[in-house]
Amino acid sequence: KAGVTQTPRYLIKTRGQQVTLSCSPISGHRSVSWYQQTPGQGLQFLFEYFSETQRNKGNFPGRFSGRQFSNSRSEMNVSTLELGDSALYLCASREGVGQETQYFGPGTRLLVL
Amino acid sequence: GENVEQHPSTLSVQEGDSAVIKCTYSDSASNYFPWYKQELGKGPQLIIDIRSNVGEKKDQRIAVTLNKTAKHFSLHITETQPEDSAVYFCAAYGGFQKLVFGTGTRLLVSP
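Everything numeric here is computed off the predicted structure, so don't read it as measured data.

A. Region of the structure containing the overall build of chain A. A count of helices and strands for chain A gives zero helices and eleven strands. Going residue by residue from the N terminus, the α and β elements of chain A occur as β-β-β-β-β-β-β-β-β-β-β. A globule of 113 residues ought to have a C-alpha radius of gyration of about 13 Å, and chain A, at 13 Å, matches this closely. For chain A, the C-alpha atoms occupy an extent of roughly 35 × 25 × 25 Å along the three principal directions.

Spelled out as structure tokens, the structure:
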């Protein structure tokens, strides 16, 4: 099976702009989680989607949003970008919503200037 | 909610030595504990995992041990090689089946 894929891999934006990142989970996986990774804060949970519904949400402002489509692909959007949003955004998928193995994609590196 | 503590934050060893990374968790309902390895510029890769009905699991040079009573689990790497240099994360599931990660251990293996 193909692994988790994320597009784009790299992105440069300026403050105030918005950005949309995409994640395609492993075939058959219905749960997609998003994480923000920065050197100082480690892996921070953003949100999780299952069957097109948001199940969990981390402690991020409303500028961060996401959605999931019927084919389990997911997108996350960040509006009104700030310098502090520069990070590696990781997507992970698992089959369901139990205590299962989660597989990560390669990430999208976002730089906000 | 679940809290996962990981130490040490950095670990330097000589090639061929063993390396041990330790994690503790707080939620007694957790029963699945994965370990991930993250190399520079890549996403975390699962290297080994363990479930609470097992005390130890091995895969070649890596092993994980779990003590449910004490709520801690450890990663053991034997005969370390330079390619083992990376950041390692432990994790445990907490409330609402959300995976909670430790803060990471940067392992440096010197030739």
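Picking up after the structure, the text goes on.
B. Just the pattern of salt bridges, in detail. All names here are of chain A. Enumeration according to the criterion identifies ten salt bridges over all chains in this entry. A salt bridge links Glu-48 to Arg-94; the shortest N-O distance between them is 2.7 Å. In this pair, Glu-48 is assigned in strand E5 (residues 42-50) and Arg-94 in strand E9 (residues 87-94), connecting sequence segments 46 residues apart. Residue Glu-48 is classed as buried on the basis of its relative accessible area, which comes to 0%. A relative accessible area of 1% means that Arg-94 is categorised as buried. Among the ionic pairs, Arg-73 bridges to Glu-75, the shortest N-O distance being 3.4 Å.

C. Just the state of the cysteines, in detail. Using the criterion set out here, one finds two disulfides over all chains in the structure. Across the disulfide from A:Cys23 sits A:Cys91; the S-S distance is 1.7 Å. Taking the sign of the S-S torsion, about -50 degrees here, the bridge from A:Cys23 to A:Cys91 comes out left-handed. Of the two residues, A:Cys23 sits in strand E3 (residues 19-24) while A:Cys91 sits in strand E9, which places them 68 residues apart along the sequence. Each sulfur in the disulfide pair B:Cys23 and B:Cys90 lies 1.9 Å from the other. Torsion about the S-S bond of the B:Cys23 and B:Cys90 cystine: about -100 degrees, corresponding to left-handed handedness. Of this pair, B:Cys23 sits in strand E3 (residues 19-25) while B:Cys90 sits in strand E9 (residues 86-93); the two residues are 67 residues apart in sequence, bridging distant segments of the chain.

D. Local environment of the sheet that holds strand E7 (residues 64-68) of chain A. Residues and elements named next belong to chain A. Read from one edge to the other, the open sheet built from four strands follows the order E1-E3-E8-E7, with strand pairing classed as antiparallel. Pairing within the sheet leaves two strands with one partner each, and these edge strands are strand E1 (5-7) and E7. Recorded for the sheet is a direction-independent mean angle of 20 degrees between the axes of neighbouring strands. Summarising the sheet, E7 and strand E8 (residues 74-78) pair through five bridges and their orientation is antiparallel. Residue pairing for E8: Gly-66 is matched across the bridge by Met-76.

E. Quick peek at the pairing of strand E7 (residues 62-67) of chain B. Residues and elements named next belong to chain B. As judged from the four bridges shared by strand E6 (residues 56-59) and E7, these two strands associate in the antiparallel manner. When the sheet's bridge partners are listed, Asp-59 is paired in E7 with Ile-62. The loop that links E6 with its antiparallel partner E7 comprises two residues; one of these, Gln-60, has a positive phi angle of about 60 degrees. Relative to strand E8 (residues 72-77), E7 is paired through six bridges, and the arrangement is antiparallel. Among the inter-strand pairings, Ile-62 is bridged to a residue of E8, identified as Ile-77. Counting the residues that bridge the hairpin from E7 to E8 gives four residues, and of these Lys-71 lies at a positive phi of roughly 60 degrees.

F. Representation of the sheet that holds strand E1 (residues 4-7) of chain B within the structure. Residue and element names in this part refer to chain B. Strand order in the open sheet made by the five strands is E1-E3-E8-E7-E6, with antiparallel pairing throughout. Of all strands in the sheet, those with a lone pairing partner are E1 and E6, marking the two edges. Each neighbouring strand pair of the sheet contributes to a mean axis angle of 15 degrees, computed without reference to strand direction. Examined bridge by bridge, E1 and E3 share four bridges and lie antiparallel to one another. Residue pairing across strands places Val-4 opposite Tyr-25, the latter belonging to E3.

G. Focus on the side chain of A:Asp85. With respect to the helices, strands and loops of the structure, A:Asp85 is situated in the loop between E8 and E9. Setting aside its immediate chain neighbours within four residues, A:Asp85 contacts A:Gln36, A:Arg63, A:Phe64, A:Val78, A:Thr80, A:Leu110 and A:Val112.

So, how was this worked out
- Residues numbered from 1 in each chain as written.
- Chains lettered and ligands numbered in written order.
- Predicted model: local features only at pLDDT ≥ 70, side-chain atom pairs only at ≥ 80, totals over all residues.
- Heavy atoms only, no water.
- Helix = DSSP H or I, 4+ residues; strand = E, 2+ residues; numbered from the N terminus.
- Rg over C-alpha atoms; globule rule 2.2 N^0.38 Å.
- Salt bridge = Lys/Arg side-chain N within 4 Å of Asp/Glu carboxyl O.
- Buried < 20%, exposed > 50% of the residue type's maximum accessible area, 1.4 Å probe, protein only.
- Disulfide = S-S within 2.5 Å.
- Pairing = 2+ DSSP bridges.
- Axes fitted to C-alpha atoms, helices over the stretch in contact; angles between N-to-C directions.
- Contact = heavy atoms within 4.5 Å.

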